[in-house]
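The primary structure of each chain is shown beneath.
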Amino acid sequence: MARKETITKNDILNAAFEMARTEGFAQVSARTLAAKAGCSTQPIFRVYKNMEELGDDLFVKAMEFFSVYYEEFPKLNNTPFVNLGLAYIRFSQEEQNLFRLLFLSENRHGKSLYDMLNGKNGAVVREINSAKIFGCKDPSGMFMKMWIFIHGAACMTLTGDYDLQEEDTVKLLEESYNAFQNV
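Below, the structure is looked at part by part.

Reading guide: rules and limits
- Residues numbered from 1 in each chain as written.
- Predicted model: local features only at pLDDT ≥ 70, side-chain atom pairs only at ≥ 80, totals over all residues.
- Heavy atoms only, no water.
- Phe/Tyr/Trp six-rings, centres within 6.5 Å; stacked < 30°, edge-to-face > 60°.
- Helix = DSSP H or I, 4+ residues; strand = E, 2+ residues; numbered from the N terminus.
- Buried < 20%, exposed > 50% of the residue type's maximum accessible area, 1.4 Å probe, protein only.
- Salt bridge = Lys/Arg side-chain N within 4 Å of Asp/Glu carboxyl O.

Counted according to the given criterion, the structure contains 16 aromatic pairs. Here Phe 65 and Phe 91 contribute two aromatic rings whose centre-to-centre distance is 6.3 Å and whose plane-to-plane angle is 50°, an arrangement assigned as tilted. Of the two residues, Phe 65 is situated in helix α4 (residues 51-72) and Phe 91 in helix α5 (residues 82-94); the sequence distance between them amounts to 26 residues. Judged by its relative accessible area of 0%, Phe 91 is buried. Look at Phe 66 and Phe 91: their rings are 4.9 Å apart centre to centre, the planes differ by 75°, and that puts the pair in the edge-to-face class. Of this pair, Phe 66 sits in helix α4 while Phe 91 sits in helix α5; the two residues are 25 residues apart in sequence, bridging distant segments of the chain. Overall, Phe 66 belongs to the buried group, its relative accessible area being 2%.

Further remarks concern the pattern of salt bridges. This structure, assessed with the given rule, holds seven salt bridges. A salt bridge links Glu 95 to Arg 21, with the shortest nitrogen-to-oxygen separation between them at 2.6 Å. Note that Glu 95 is positioned in the loop between α5 and α6 (96-104) and Arg 21 in helix α1 (residues 9-22), a separation of 74 residues in sequence. Of the charged contacts, one joins Glu 175 and Lys 171 as a salt bridge, the two residues approaching to 4.0 Å between their closest N and O atoms. A residue pair is termed a helical-turn pair when its members lie 3 or 4 positions apart in one helix, as Glu 175 and Lys 171 do in helix α10 (residues 166-181) at four residues. Given the relative accessible area of 43%, Glu 175 is considered partly exposed. Taken together, the salt bridges that share partners define one network made up of Glu 18, Arg 21 and Glu 95.

A positive phi is found at Phe 81, a non-glycine position, where the angle reads about 75°. For Phe 81, the position within the fold is in the loop between α4 and α5.

Read these as layout, nothing more, since geometry by itself doesn't imply function.
Below you can see the structure in the form of structure tokens.
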């Protein structure tokens, strides 16, 4: 009779995700993952050909996590790109390791930052359409300007150089949007 599997692919992926989330993706190795999952390395390589294949699944899981995070983020502001900016900046504050994995790593598994941010639900497209409704003459150009600002602010949180309160961030995002309208 075959031995019953006690560690599943999902168990391994969840353990890897928690490690990437709390310790950073660089800390996820076969040995450290096995220790976290409470198994030897054998179950890992039974379900994954190599650690790169696991990394691919981990990246997808992290993207899904960000997508849910953004969709559940309170949308309290009517100015285009403000809610998106707030969610992205807060994600960089609350989930620093996942932010680094998703938005600062060289290997984004063939996805552009735009694709990752837009996600399955069209977050960026909704914001661009909102800017169009608000009378923006170049909504795609507005997105690029706002995105550079938003991404810069989010990256500054990782170095401790961004310590504004949320209401100050909202004001700054609104002012940036209005200033870019006049450029």
